[in-house]
Amino acid sequence: SSLPVTWLQCKSVRAHFTTMIQSIFLLSPTGEVLIERHFRGVTSRSVCETFWERASANLNHHGGISTASTVISTDPFPLYDTVPPVMEVLDIDTNSTLYLFSILRDGLSYLAACPEEVSPLLVLEFLHRIADIFVDYFGSPADESAIKDNFSTVYQLLEEMCDYGWPLTTEPNSLKDMIRPPTVMGKITQAVTGGSSAVVSEALPTGTVSNMPWRKAGVHHSNNEIYIDIVEEIDAIVDGTGNVISADVAGSIQAQSNLSGVPDLLLTFKDPDVIDDCSFHPCIRYARYEQDSVLSFVPPDGNFELMRYRVRPGVAQGFSPPVYCQPQLGYGETKDGSTLDGRITLNVGARSISSLIFSASRRGPLIVEDVAIVIPFPKVVRTANLSANMGIVVYDEAGKVAKWVIGKLDEKMRPQLTGTMVVDGIRRPDENPPLTVTWKIPLASASGLSVSGLSISGERYKPYKGVRNITKSGRFQVRCV
């Protein structure tokens, strides 16, 4: 999860750790250093080279995405399976050991180098928060081109977000009071004058001198409205016959608030007992949730993540996926016996019966949206020729990975992918990498968690309120037969 890190949350950590982040690096999908910012002395770029050697060792195989093609890039990007989030590296210039923290967002590697042991979750959360702020400022995805188009704004944001290596201002509303998001006019001015496209305010944001740093003072909207999305992601491993080997459900509550003044909201759930573990935005009054299992808060203005949670293990035990995927891969020798040929068949469909709980407002047959399948091929495969009766198939020769985008899928549709593979030599692959399936179903829930009420106090107006459930795939893998 990536919840805001505030100065007050770091205050208690300062008493235990004398040092924090020494340097921050941003690496492109090819390992190029895009951004480097040093807070406590200069860190050699050798730490980035050490990181990239391990990150790129297995990048093009077994679920990794090649940098040769952005067409088949997935969201979220596959994690490097050769790099732990925290690792010890050697700084060649100083001959000292550093702790290197890393995350992967929108194809960019965010690195933080620390000279001593620090709280790992604090650093990782801060890196996620930096990535979230970049998305808020530059749009999604905040990829290499977005960073290169906004170099000056990126450095100014890092300057305000981190004070001598410690997280300082991480709330979007406070940052936007100090550093205005880039605009078209600002970029035109930058092109003409050669200056910076970012506008830096001379005044402190109003939130920094109040007990609510996440909300600006004097907020006014002509239309007062708030929207709540309960988004649940299902991580699952499914075998080739459709049996679920393991499943886990995690969710988040995403909000879009356009409310005037300082409204006080109370959100209640129908079945809060399904929540097993959770983390909150700082606006939540934690004592009230512990006592009554309700969310009481004064919301930030705009889009924000209210909370993240995991569902009790028993809820996911009987999970039946709404989408089935049946892959079959086989290999056989050619007539002359010099090489191997391979064949692949992939059948996909929507199940009319699943364990999902649908909203009462849902009408019509089951529609699964944003269906796509990433198919990594073994290293021994030289090339593949693929075709499908529905959707679009793109094969990346360099990465040996294909992506089949189906789009919307209902119960009557029977998409099928077929193809042949040319294998180097006559050695059969030891194993076939699992497929990654992505899908989304609006107005559906895996846990049954729903909102029973959303009330507002402290203001006289009556806002428009909208609440909906969304269920989608997380790391949903299907093993090949």
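A brief report on the enclosed structure follows. (Residues numbered from 1 in each chain as written. Predicted model: local features only at pLDDT ≥ 70, side-chain atom pairs only at ≥ 80, totals over all residues. Heavy atoms only, no water.)

Quick look at the overall build of the protein chain
Worth spelling out the cut-off: Secondary structure counts use DSSP, requiring at least four H or I residues in a row for a helix and at least two E residues in a row for a strand, with both numbered from the N terminus. Two residues form a contact once any of their heavy atoms are found within 4.5 Å. The Shrake-Rupley method, run with a 1.4 Å probe, gives the accessible areas here. Residue values count only the displayed protein chains as cover.
Broken down by element type, the protein chain carries nine helices and 27 strands. Long-range contacts, defined as pairs at least 24 residues apart, comprise 72% of the intrachain contacts of the protein chain with a sequence gap of at least 6. Carbon and sulfur atoms form 50% of the exposed surface of the protein chain, whose accessible area is close to 22600 Å².

Re the side chain of Arg105
Definition in use: Using a 1.4 Å probe on the protein chains alone, a residue whose accessible area is under 20% of its type maximum counts as buried, one over 50% counts as exposed, and one in between counts as partly exposed. Here a polar contact means two N or O atoms within 3.5 Å. Within protein one must be a hydrogen donor candidate and the other an acceptor candidate, and residues neighboring in sequence count only if both atoms are side-chain atoms.
Within the secondary structure, Arg105 sits in strand E4 (residues 96–105). Arg105 sits in the buried class, given a relative accessible area of 19%. A polar side-chain atom of Arg105 sits 3.0 Å from a polar atom in the side chain of His128. Side-chain polar atoms of Arg105 contact the side chain of Asp132, separated by 2.6 Å. In contact with Arg105, other than residues within four places in its own chain, are Tyr110, His128, Ala131 and Asp132.

So, empty space enclosed by the protein
Heads up, the condition is: Note on definitions: the grid is 1 Å and covers protein atoms alone; a cavity is a set of points where a 1.4 Å probe fits but cannot get out; a pocket is an open set with protein on both sides within 12 Å along at least five of seven lines; lining residues have an atom within 4 Å of a point. Grid points are joined across faces, edges and corners, and a volume is the space filled by probe spheres set on the points. Under the grouping applied here, Gly and all other residues not named as nonpolar or charged are polar, the nonpolar ones being Ala, Val, Leu, Ile, Met, Phe, Trp, Tyr, Cys and Pro and the charged ones Asp, Glu, Lys and Arg.
Tallied over the full model, the rule gives one cavity of 30 Å³ or more. For the largest cavity, the calculated volume is near 50 Å³. Forming the walls of the largest cavity are Val238, Gly242, Pro321, Val323, Tyr324, Cys325, Gln326, Arg351, Phe476 and Val478. Contributions of two or more residues to the lining of the largest cavity are made by strand E16 (323–333) and strand E27 (464–478). The residue inventory of the lining of the largest cavity, partitioned by class, reads seven nonpolar, two polar and one charged.

Considerations on the environment of Leu409
Examined against the element boundaries, Leu409 turns out to sit in strand E22 (residues 401–410). A relative accessible area of 0% places Leu409 in the buried class. Between the C-alpha atom of Leu409 and that of Ala350, which follows or precedes it by 59 residues, the distance is 6.7 Å. In this structure, Leu409 is in contact with Val348, Gly349, Ala350, Leu366, Ile367, Val368, Val371 and Pro415, ignoring residues within four places of it in sequence.

Side note on the packing of aromatic side chains
To describe a pair of aromatic rings, you give the distance between the ring centres and the angle between the ring planes. Short version of the rule: A pair of aromatic rings is counted whenever rings of Phe, Tyr or Trp (Trp by its six-membered ring) have centres within 6.5 Å, and the orientation is called stacked for planes under 30 degrees apart, edge-to-face for over 60 and tilted otherwise. We count a charge as sitting over a ring when the NZ of a lysine or the CZ of an arginine lies within 6 Å of the ring centre and within 35 degrees of the ring normal.
Applying the stated criterion across every chain, the model contains eight aromatic pairs. Note on Tyr137 and Phe138: the rings are 6.2 Å apart at their centroids and 65 degrees apart in plane angle, and the pair reads as edge-to-face. With relative accessibility at 6%, the residue Tyr137 sits in the buried group. With relative accessibility at 16%, the residue Phe138 sits in the buried group. The positively charged end of Arg40 is found above the aromatic ring belonging to Tyr164, 4.0 Å away from the centroid.

Observations concerning helix H5 (residues 151–161)
Rule in force here: Note: the arc covers the axis-to-C-beta directions of the helix.
Taken as a whole, H5 has its buried residues at Thr153, Val154, Leu157, Leu158 and Met161. Viewed along the axis of H5, the buried residues span an arc of 135 degrees, placing them on a single side of the element.

Some words on the nonpolar core
Rules: Take the buried residues of types Ala, Val, Leu, Ile, Met, Phe, Trp, Tyr and Cys, join any two whose side-chain atoms come within 4.5 Å, and each joined set is a nonpolar core.
Counting 69 residues, the largest nonpolar core has Leu295 and Phe377 as the members making the most contacts within it. Examining the composition of this core, we find that six residues originate from one element, strand E10 (residues 225–238), more than from any other. Leaving out residues up to four positions away in the same chain, Phe377 has contacts with Ile344, Ala384, Leu386, Tyr395, Lys400, Val401, Ala402, Met421 and Pro433. With 38 residues, the next largest nonpolar core counts Ile133, Ala142, Met178 and Ile179 among its residues.

Description of the sheet that holds strand E5 (residues 108–114)
Worth spelling out the cut-off: Should DSSP find at least two bridges between two strands, the strands are regarded as paired. Inter-axis angles, ranging from 0 to 180 degrees, are taken between N-to-C directions of lines fitted to C-alpha atoms, where helices are fitted over the stretch in contact.
Pairing is antiparallel in the open sheet, where five strands are placed in the order E2-E1-E5-E4-E3. Taken across any chain shown, the strands that pair with only one partner, and hence form the sheet edges, are strand E2 (33–38) and strand E3 (86–91). On average, each strand axis in the sheet is tilted by 25 degrees relative to the strand beside it, whichever way the strands run. By the bridge criterion, five bridges tie strand E1 (residues 23–27) to E2 in an arrangement that is antiparallel. Bridging from a neighbouring strand, Ile24 pairs with Arg37 of E2. Lying over the sheet, helix H3 (residues 120–138) contacts E1, E3, E4 and E5, oriented at roughly 45 degrees with respect to E4.

Notes on unusual backbone geometry
The step from Ser140 to Pro141 runs through a cis peptide bond, and the omega angle for that step is 0 degrees. You can see Pro141 is positioned in the loop between H3 and helix H4 (144–149). Within the chain, Ser293 stands out as a residue other than glycine whose phi angle is a positive 55 degrees. For Leu443, which is not a glycine, the phi torsion comes out positive at approximately 60 degrees.

With respect to the pattern of salt bridges
When the charged atoms of two side chains lie near each other, side chains of opposite charge can form a pair. Rules: Here a salt bridge means any side-chain nitrogen of Lys or Arg lying within 4 Å of a carboxyl oxygen belonging to Asp or Glu.
All chains considered together, the criterion is met by 12 salt bridges. Here Arg310 ties to Asp248 by a salt bridge, and the two come within 3.2 Å at their closest N and O atoms. Here Arg310, found in strand E15 (residues 302–311), pairs with Asp248, found in strand E11 (residues 244–258); they are 62 residues apart in sequence, far enough to count as distant.

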